Amino acid sequence: MGKITLFFYVVLMLIAQAVMGECTLALDQTPVTSSESGDIIIASHVIFTPLERILLIRKDSEYCAIKFTKFWSKNTSEVGSVFVASGADEYAMYESYYQSDKTGDFSKSNVQFKKDKLSSPKPRGIGRFAFSFGNKEIKCGAIQLHWSGKGWVHFYGGDQKEGDYGIELAPTKWTNISQVNVFDPRVKWYRYDAKRQDIKIPIDRLWDDKEGGW
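Is there a simple way to explain the overall build of the protein chain in this structure?
Within the protein chain, the secondary structure is distributed over one helix and 13 strands. Per-residue burial over the protein chain gives 45% buried out of 214 residues. Pairs at least 24 apart in sequence give 58% of the contacts found in the protein chain among residues at least 6 apart. Summed over all atoms, the accessible surface of the protein chain reaches about 11600 Å², with 51% contributed by carbon and sulfur.

Any chance you could explain the environment of glycine 151 here in plain terms?
Among the secondary structure elements, glycine 151 is positioned in the loop between strand S9 (143-146) and strand S10 (152-154). As a C-alpha pair, glycine 151 and isoleucine 47 span 104 residues in sequence and 7.8 Å in three-dimensional space. Once residues lying within four places of it in the same chain are set aside, the contact partners of glycine 151 are Ile47, Phe48, Thr49, Phe68 and Phe71.

For this particular structure, what's the right way to read the sheet that holds strand S3 (residues 46-48)?
Think of a sheet as strands paired side by side through backbone hydrogen bonds, with each pair either parallel or antiparallel. The sheet built from four strands is open, its strands ordered S10-S3-S2-S13 with antiparallel pairing. Lying at the two open borders of the sheet, with one neighbouring strand each, are S10 and strand S13 (199-202). Strand-to-strand twist across the sheet, computed as the mean angle between neighbouring axes with direction ignored, equals 15°. Here two bridges tie strand S2 (residues 39-42) to S3, and the two strands are oriented antiparallel to one another. Following the sheet pairing, isoleucine 41 is matched in S3 by phenylalanine 48.

What am I meant to see in the confidence of the model for the protein chain here?
Regions with low pLDDT should not have their predicted coordinates read in detail. Scored by pLDDT, the protein chain comes out at a mean of 80, with 69% of its residues at no less than 70. Counting contacts from residues 13-35, a segment whose pLDDT is below 50, to residues more than four positions away or on other chains yields 37 contacts. Note on residues 78-82: pLDDT under 50 across the span, and six contacts to partners over four residues away in sequence or across chains.

Calculation criteria
Residues numbered from 1 in each chain as written. Predicted model: local features only at pLDDT ≥ 70, side-chain atom pairs only at ≥ 80, totals over all residues. Heavy atoms only, no water. Helix = DSSP H or I, 4+ residues; strand = E, 2+ residues; numbered from the N terminus. Buried < 20%, exposed > 50% of the residue type's maximum accessible area, 1.4 Å probe, protein only. Contact = heavy atoms within 4.5 Å. Areas by Shrake-Rupley, 256 points an atom, 1.4 Å probe, with all protein chains shown as cover. Pairing = 2+ DSSP bridges. Axes fitted to C-alpha atoms, helices over the stretch in contact; angles between N-to-C directions. pLDDT = per-residue confidence, 0-100.

What follows is the structure, given as structure tokens:
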């Protein structure tokens, strides 16, 4: 087999593996536990929420709730191949609850529930020919938001430029959808704000009077 033919064969194999989501070049899979970070982080364009804690999403009168149930990664840094970028492919599992009737009541039977997997593989290839496949969109009914690894949720979708699209996010202490009350006075809604300085809050002090500076 000639060198050019071999090159294109390898590239086609890598594309096929990436599309199927089973790239055999990833060596090991490391679960990340909920103890990795117990902090809420609120930045100008994104919010981080820990595992098993419910994040509320609101746009106008539409309400969603999501909860990450698992983070893990596949390490590619030790693969001695020019076709693989060093680092780790990141994955997450999440649950979503969507209430379209504008009541914000997640106890009603019309709530749309789903589980889904997110993936952010490192680009594979050479130079301009590097490519990356994955699912980086959190889908909750009619609302879709960009995900950038672990518990990071953006205020906009992956096909949108950074900015304010009317999305509001509210981190909570709640771990079960039965606990959720979107009108609870302790819940604070955040919106995209380019001027906001990063806020870091331990999850067990989220609803204290003090915000930031921990």
